[in-house]
Amino acid sequence: MRRINAMGKQILFLLFICSISIVYAEENRVIVGAERTAEYYPLLEGKRVAVFSNHTGMIGNRHLVDVLVGEGLNVVTIFSPEHGFRGNADAGEHVSGSIDPKTGIKISSLYDGKSGRPSDESMRMFDVLVVDIQDVGLRFYTYYISMVKLMDACAEHGRMVIVLDRPNPNGHYIDGPILDMKYKSGVGWLPIPVVHGMTLGELARMVNGERWLSDGRICDLTVIPCKNYTHRTMYELPIPPSPNLPNMKSIYLYPSTCYFEATPVSLGRGTDWPFQIYGHPNMVGYTFSFTPRSVPGAKNPPLLNKKCYGVDLTRLSNEEIWEKGINFDYVIDAYRNLNLGDHFFRPFFEKLIGVDYVREMIKAGKSSEEIKAMWHDDVEKFREQRRPYLLYEDISVPLKWDELNN
């Protein structure tokens, strides 16, 4: 009987420890802005509400739009970004407006082939715009550009903007040159580094504070911050933000492999490993190979149905990728292997990296470390420039993997 009692006590103790761990984890989990309904519902009551979101705008297992409509709030229109409201369109694909079949609300695509701004007619439909979308913190990732264009239209038309903030999975560091504005484009809209390390809420505050909207306009802006998040929090996205960023490895490699978009080299679109591999039919000396196919989210990928030889980066640890930041070793490797000289690069390359010296340094045989040294001052300048707009604990020096809050 004593033995049974002793075992029972041990079981009860273990159950107690488990329950404490569960409570602690729940109390310390990241709470995104959309979950903090008490903070923004009062701002929406009696208003005509527009929502800028896509498939990532979830509160638990329900979409923000469904939650707002379920609470009786008057959602009158939805604006959708690149990849569409359901997040399944190809990069840059023309996406037409439609009707959300679940709610009957009109969806206006910002990628319908026009200016990326809503029409005057659309602006007259609503009083307040709610932004809830998962970004990945890169200057060439287009969701922030759509947000800025909407902020600009709202500032012009006297509409309020509420940003429901979400963590930045690349929010732990700053890397890359500040965009030379002569290369401003649909993949680079603001004078910020490639990796800016800010959430969309922080970036929206900076847009206002630096007067980056047209004619120096100021947007009527409210940001609902996340709870239990800082720039040292390792945040794994619960939902892939777009079709070709299917996992955290692709998101960590994205700052280093996206430049292949401006070369003849495939970065794995049309495979199971987009942004995690690279190759070309004429690359030599590699045993790894892959063949891009037409798949949802990459209907006509570069080098479609052609066997490519190259490098598999999926074997790299997330820690190694994460701590190196932007790494030009991959582009340099392909450039030297193909031996195409300047024909390796397309004008889109400068739009992605944002400056003209990187192409020239690669052609001159410089290393990735030498290239990164060129933007050291840009990184430090931006670190100070962004400081007044941060909502979460700042990181003054690059973190190591084991310094993250898991």
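In what follows, the structure referred to is the one given above.
No experiment lies behind these values; they were computed from the predicted model shown.

Some details on the nonpolar core
Here is step 1: Counting 120 residues, the largest nonpolar core has Y40, L129, Y259, F328, V358 and I362 as its most contacted members.
Here is step 2: Here this core gets 10 residues from one element, more than from any other, and that element is helix α5 (residues 143-157).

Here we look at the sheet that holds strand β12 (residues 308-312)
Here is step 1: Taken in spatial order, the three strands of this open sheet run β10-β12-β11, and their pairing is antiparallel. Each end of this open sheet is capped by a strand with a single partner; those strands are β10 (277-280) and β11 (288-290). Strand-to-strand, the axes of this sheet are offset by a mean angle of 45°, without reference to chain direction.
Here is step 2: In the sheet, β11 pairs with β12 via three bridges, with the strands oriented antiparallel.

Quick word on a negative patch on the surface
Here is step 1: Together, E319, E320, E323, D402 and E403 make up a region of like negative charge exposed at the surface.
Here is step 2: Considering the arrangement of structural elements, one finds D402 in the segment after α13 (376-386).

Considerations on the pairing of strand β9 (residues 220-224)
Here is step 1: Sheet topology note: the strand β8 (residues 160-164)/β9 ladder contains five bridges and is parallel. Its bridge partner being in β9, V163 is matched across the sheet by V223.
Here is step 2: Read as a crossover between parallel neighbours, the route from β8 over helix α6 (residues 200-209) to β9 is right-handed.

A closer look at the packing of aromatic side chains
One pair of aromatic rings is described through two measures. These are the centre distance and the angle between the planes.
Here is step 1: Applying the stated criterion to the full structure yields 18 aromatic pairs.
Here is step 2: Between F140 and Y259, the aromatic rings sit 5.8 Å apart at their centres with planes inclined by 90°, giving edge-to-face as the arrangement. With F140 in the loop between β7 (128-132) and α5 and Y259 in the loop between α7 (248-257) and β10, this pair connects stretches of sequence that are 119 residues apart. Y259 carries the same exposure label as F140, and that label is buried.

Topic: unusual backbone geometry
Here is step 1: Unusually for a residue other than glycine, N228 sits at a positive phi of about 65°.
Here is step 2: With respect to the helices and strands, the residue N228 is situated in the loop between β9 and α7.
Here is step 3: Since its relative accessible area comes to 35%, N228 is described here as partly exposed.
Here is step 4: Phi is positive for L303, which is not a glycine, with a value near 60°.
Here is step 5: With respect to the helices, strands and loops of the structure, L303 is situated in the loop between β11 and β12.
Here is step 6: Take L303: its relative accessible area is 17%, and that puts it in the buried class.

What about α5?
Because the α-helix completes a turn every 3.6 residues, residues three or four places apart line up on one side.
Here is step 1: For α5, built from 15 residues, the straight-helix expectation of 21 Å at 1.5 Å per residue is met to within 8% by its first-to-last C-alpha distance of 21 Å.
Here is step 2: Burial runs high along α5: 13 of the 15 residues are buried.
Here is step 3: One or two residues past the end of α5 sits G158, with phi positive at roughly 70°.

Some remarks on the side chain of Q276
Here is step 1: Relative to the helices and strands, Q276 resides in the loop between α7 and β10.
Here is step 2: In this structure the side chain of Q276 is engaged in a polar contact, spanning 3.4 Å, whose partner is the side chain of N247.
Here is step 3: Excluding anything up to four places from it in sequence, Q276 contacts P246, N247, K249, S250, L253, L267, D312, L313 and T314.

As for the sheet that holds strand β5 (residues 98-99)
Here is step 1: On the basis of which strands lie adjacent, the open sheet formed by seven strands has the order β5-β6-β4-β1-β7-β8-β9 and mixed pairing. Where the open sheet ends on each side, the last strands, each with one partner, are β5 and β9.
Here is step 2: Running at roughly 155° to strand β1 (residues 48-53), α5 makes contact with β1, β4 (74-80), β7 and β8 of the sheet.
Here is step 3: Of the strands in this sheet, β8 and β9 touch α6, which is tilted by about 155° from β9.

Examining α6
Here is step 1: For α6, a buried count of eight out of 10 residues is recorded, marking the element as mostly surrounded by other parts of the structure.
Here is step 2: For α6, the full list of buried residues reads L200, G201, E202, L203, A204, M206, V207 and N208.
Here is step 3: Where α6 is buried, its residues meet α5, β8, β9 and α13.
Here is step 4: Phi for R211, located one or two positions after α6, is positive at around 55°.

Procedures and definitions
Residues numbered from 1 in each chain as written. Predicted model: local features only at pLDDT ≥ 70, side-chain atom pairs only at ≥ 80, totals over all residues. Heavy atoms only, no water. Core = buried A, V, L, I, M, F, W, Y, C linked by side-chain atoms within 4.5 Å. Buried < 20%, exposed > 50% of the residue type's maximum accessible area, 1.4 Å probe, protein only. Helix = DSSP H or I, 4+ residues; strand = E, 2+ residues; numbered from the N terminus. Pairing = 2+ DSSP bridges. Axes fitted to C-alpha atoms, helices over the stretch in contact; angles between N-to-C directions. Patch = residues over 30% accessible without salt bridge, like charges linked within 9 Å, V, L, I, M, F, W, Y side chains within 5 Å. Areas by Shrake-Rupley, 256 points an atom, 1.4 Å probe, with all protein chains shown as cover. Salt bridge = Lys/Arg side-chain N within 4 Å of Asp/Glu carboxyl O. Lys, Arg positive; Asp, Glu negative; His and termini not counted. Charge placed at Lys NZ, Arg CZ, Asp CG, Glu CD. Right-handed = clockwise from strand over helix to strand, strands pointing away. Phe/Tyr/Trp six-rings, centres within 6.5 Å; stacked < 30°, edge-to-face > 60°. Expected span 1.5 Å × (residues − 1). Polar contact = N/O pair within 3.5 Å; in protein donor to acceptor, adjacent residues only side chain to side chain. Contact = heavy atoms within 4.5 Å.

Any functional reading would require information that these geometric values do not contain.
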